[in-house]
Amino acid sequence: FEFRNKLKLIGINTPKLFSISYDEIIEEYIKGGNLYFYFHTEQANDLAFQAGKITGLLHNNGFVFNDNKCQNYLVNEDKEVIRIDLGFIQKSESVFAQSMDVGSFLASILDLKPQIYRKVAKEFLSGYLEMTNKKIPYLSIIIRNILALGFVYSHDNMIQNMLNKRIP
């Protein structure tokens, strides 16, 4: 409960936690869907930008998600991005851990059609940079390429996106 309140104070929305025990977590139901399924719609750019800002906010506060794939974000009815699956958050300011967050998000969208991938990746990175005022962690693309093998549905799109010299 305490950590969710901290996340809320820094601007990161999570589902309300009703109860938690050793073997059960009960959270509020978020009507909408996970972020991946919105990337084929008009709101994709804004939603990806919001996810980038959330990632940057967490990094600015000395934490990382460690599992930052887009499926770990929900979109509510107001088109706000909500972060779920908070179990792997840890305190870290290492370049590797931050690269893992950026790389895992990019890996989780690498199977989108190339024109959509470029837009979504660009908006995510723009949101991240707006919050951090830093460069993209330098290991992000290497981590993206490694993780993508286990994350993607379309290996054809993944290969096209990997070979594209215009990395956002």
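Above this text sits the structure in question.
Description of the structure in this document. (Residues numbered from 1 in each chain as written. Predicted model: local features only at pLDDT ≥ 70, side-chain atom pairs only at ≥ 80, totals over all residues. Heavy atoms only, no water.)

## Considering the pairing of strand β2 (residues 24–27)
Two strands pair when backbone bridges link them, and strand β1 (residues 17–21) and β2 are joined in this way by 4 bridges, in the antiparallel orientation. Among the inter-strand pairings, S21 is bridged to a residue of β2, identified as E24. (Pairing = 2+ DSSP bridges. Helix = DSSP H or I, 4+ residues; strand = E, 2+ residues; numbered from the N terminus.)

## Considerations on the packing of helix α2 (residues 44–60) against helix α4 (residues 114–132)
In a packed pair of helices, the relevant descriptors are the angle between the two axes and the axis-to-axis distance. For the pair α2 and α4, the least separation of the axes is 6 Å and the interaxial angle reads 35 degrees. You can see that α2 and α4 cross each other, and the crossing is right-handed. Contact residues: α2 offers A44, N45, A48, F49, A51, G52, K53, T55, G56, L57, H59 and N60, while α4 offers K119, V120, E123, F124, S126, G127, Y128, E130, M131 and T132. Here the residues of the contact of α2 with α4 are counted per class, giving 9 nonpolar, 9 polar and 4 charged. (Axes fitted to C-alpha atoms, helices over the stretch in contact; angles between N-to-C directions. Left-handed = near helix turned anticlockwise from the far one by under 90°. Contact = heavy atoms within 4.5 Å. Nonpolar A, V, L, I, M, F, W, Y, C, P; charged D, E, K, R; others polar.)

## A look at the sheet that holds strand β5 (residues 73–75)
Judged by pairing direction, the sheet is antiparallel, and its 3 strands sit side by side in the order β3-β5-β6 without closing on themselves. Because the sheet does not close on itself, it has two edges, and the strands there are β3 (33–34) and β6 (81–83). Across 3 bridges, the pairing between β5 and β6 is antiparallel. Within β6, the residue paired with Y73 across the bridge is R83. Set on the sheet, α2 makes contact with β5 and β6; between it and β5 the angle comes to about 140 degrees.

## Digging into the packing of aromatic side chains
As enumerated under the stated definition, the model contains 6 aromatic pairs in all. Summarising the aromatic geometry, the rings of F3 and F63 are spaced 5.2 Å apart at their centres and angled 65 degrees between planes, so their arrangement reads as edge-to-face. Residue F3 is located in helix α1 (residues 2–10), and its partner F63 is located in strand β4 (residues 63–64); the two are separated by 60 residues in the primary sequence. When the centroid spacing of 6.4 Å and the interplanar angle of 80 degrees are considered together, the rings of F39 and F105 count as edge-to-face. With F39 in the loop between β3 and α2 and F105 in helix α3 (residues 95–108), this pair connects stretches of sequence that are 66 residues apart. (Phe/Tyr/Trp six-rings, centres within 6.5 Å; stacked < 30°, edge-to-face > 60°.)

## Observations regarding the pattern of salt bridges
Counted according to the given criterion, the structure contains 4 salt bridges. In this structure, E27 and R4 form a salt bridge, with 2.5 Å as the shortest nitrogen-oxygen distance. Highlighted residues: E27 in strand β2 and R4 in helix α1, separated in sequence by 23 residues. For E27, a relative accessible area of 30% puts it in the partly exposed group. Across the salt bridge formed by K53 and E130, the nearest N and O atoms sit 4.0 Å from each other. Residue K53 is located in helix α2, and its partner E130 is located in helix α4; the two are separated by 77 residues in the primary sequence. (Salt bridge = Lys/Arg side-chain N within 4 Å of Asp/Glu carboxyl O. Buried < 20%, exposed > 50% of the residue type's maximum accessible area, 1.4 Å probe, protein only.)

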